[in-house]
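A look at the structure
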Amino acid sequence: QVQLVESGGGLVQAGGSLRLSCAASGFTFSYYAMKWYRQAPGKERELVAGISSTGGRTNYADSVKGRFTISIDNAKNTVYLQMNSLNPEDTAVYYCNARHVSGVNYWGKGTLVTVSS
């Protein structure tokens, strides 16, 4: 039983920072790629960042490159998204995603990030 629980969302002023956490349980971590998605009002769900299970490879949406950093702590079975220089366009519900090597996806319930101007 795969479970993903996000935390760390909240209200922050433009230019500020937040760190999101995704605590994973119920699976062998090394067989999953971990990703963060977000869904903003009126927009399609988009991939924000992804990381291999070992942390060796990462990828980012163009809109967040240089500002966001995804990382993984295997000992804690937790994935992080450090978000710096936030702007109102980053306002969205952020979802943690675990993709098994088979292609099956598991999702957290999301955490809301609101950036005020």
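In case you missed it, the structure is sitting above this.
A short tour of the structure in this document, coming up. Computed from a predicted model, the values in this text were never measured in an experiment.

Take the side chain of asparagine 97 next. Within the secondary structure, asparagine 97 is located in strand β9 (residues 92-100). Side chain to side chain, asparagine 97 and asparagine 105 meet in a polar contact 3.0 Å long. A polar side-chain atom of asparagine 97 sits 3.4 Å from the main-chain carbonyl oxygen of tyrosine 106. Not counting chain neighbours up to four residues away, the residues in contact with asparagine 97 comprise Leu4, Ala33, Met34, Lys35, Tyr37, Asn105, Tyr106 and Trp107.

Mapped onto the elements, glycine 8 comes out in the loop between β1 (3-7) and β2 (10-13). The spacing of glycine 8 and arginine 45 is 37 residues in sequence and 20 Å in space, taken between C-alpha atoms. In this structure, glycine 8 is in contact with Leu18, Arg19, Leu20 and Thr111, ignoring residues within four places of it in sequence.

Right, let's get into the pairing of strand β7 (residues 68-73). The alternating pattern of β7 places Phe68, Ile70 and Ile72 on a buried face, while none of Thr69, Ser71 and Asp73, on the opposite face, is buried. Adjacent in sequence and paired antiparallel, β7 and strand β8 (residues 78-83) are bridged by 4 residues, among which asparagine 77 carries a positive phi angle near 55°.

Below, the discussion takes up the state of the cysteines. As enumerated under the stated definition, the model contains 1 disulfide in all. Two residues, cysteine 22 and cysteine 96, share a disulfide whose sulfurs are 2.0 Å apart. The S-S bond linking cysteine 22 to cysteine 96 shows a torsion near -80°; that makes this disulfide left-handed. Separated by 74 residues along the polypeptide, cysteine 22 in strand β3 (residues 18-25) and cysteine 96 in strand β9 bring together distant segments of the chain.

Turning our eyes to something else, we now look at the environment of isoleucine 72. With respect to the helices and strands, isoleucine 72 occurs in strand β7. In contact with isoleucine 72, not counting residues within four places along its chain, are Phe29, Met34, Ile51, Ser52, Ser53, Thr54, Gly55, Thr78 and Val79.

Strand order in this open sheet of 4 strands is β1-β3-β8-β7, and the pairing throughout is antiparallel. Edge strands, defined here as strands with exactly one partner in the open sheet, are β1 and β7. Ignoring which end each strand starts from, the neighbouring axes of this sheet average 15° apart. Of the pairings in the sheet, the one linking β7 to β8 comprises 6 bridges and is antiparallel in character. What sits directly across from isoleucine 72, in β8, is valine 79.

The rules behind each value
Residues numbered from 1 in each chain as written. Predicted model: local features only at pLDDT ≥ 70, side-chain atom pairs only at ≥ 80, totals over all residues. Heavy atoms only, no water. Helix = DSSP H or I, 4+ residues; strand = E, 2+ residues; numbered from the N terminus. Polar contact = N/O pair within 3.5 Å; in protein donor to acceptor, adjacent residues only side chain to side chain. Contact = heavy atoms within 4.5 Å. Buried < 20%, exposed > 50% of the residue type's maximum accessible area, 1.4 Å probe, protein only. Pairing = 2+ DSSP bridges. Disulfide = S-S within 2.5 Å. Axes fitted to C-alpha atoms, helices over the stretch in contact; angles between N-to-C directions.

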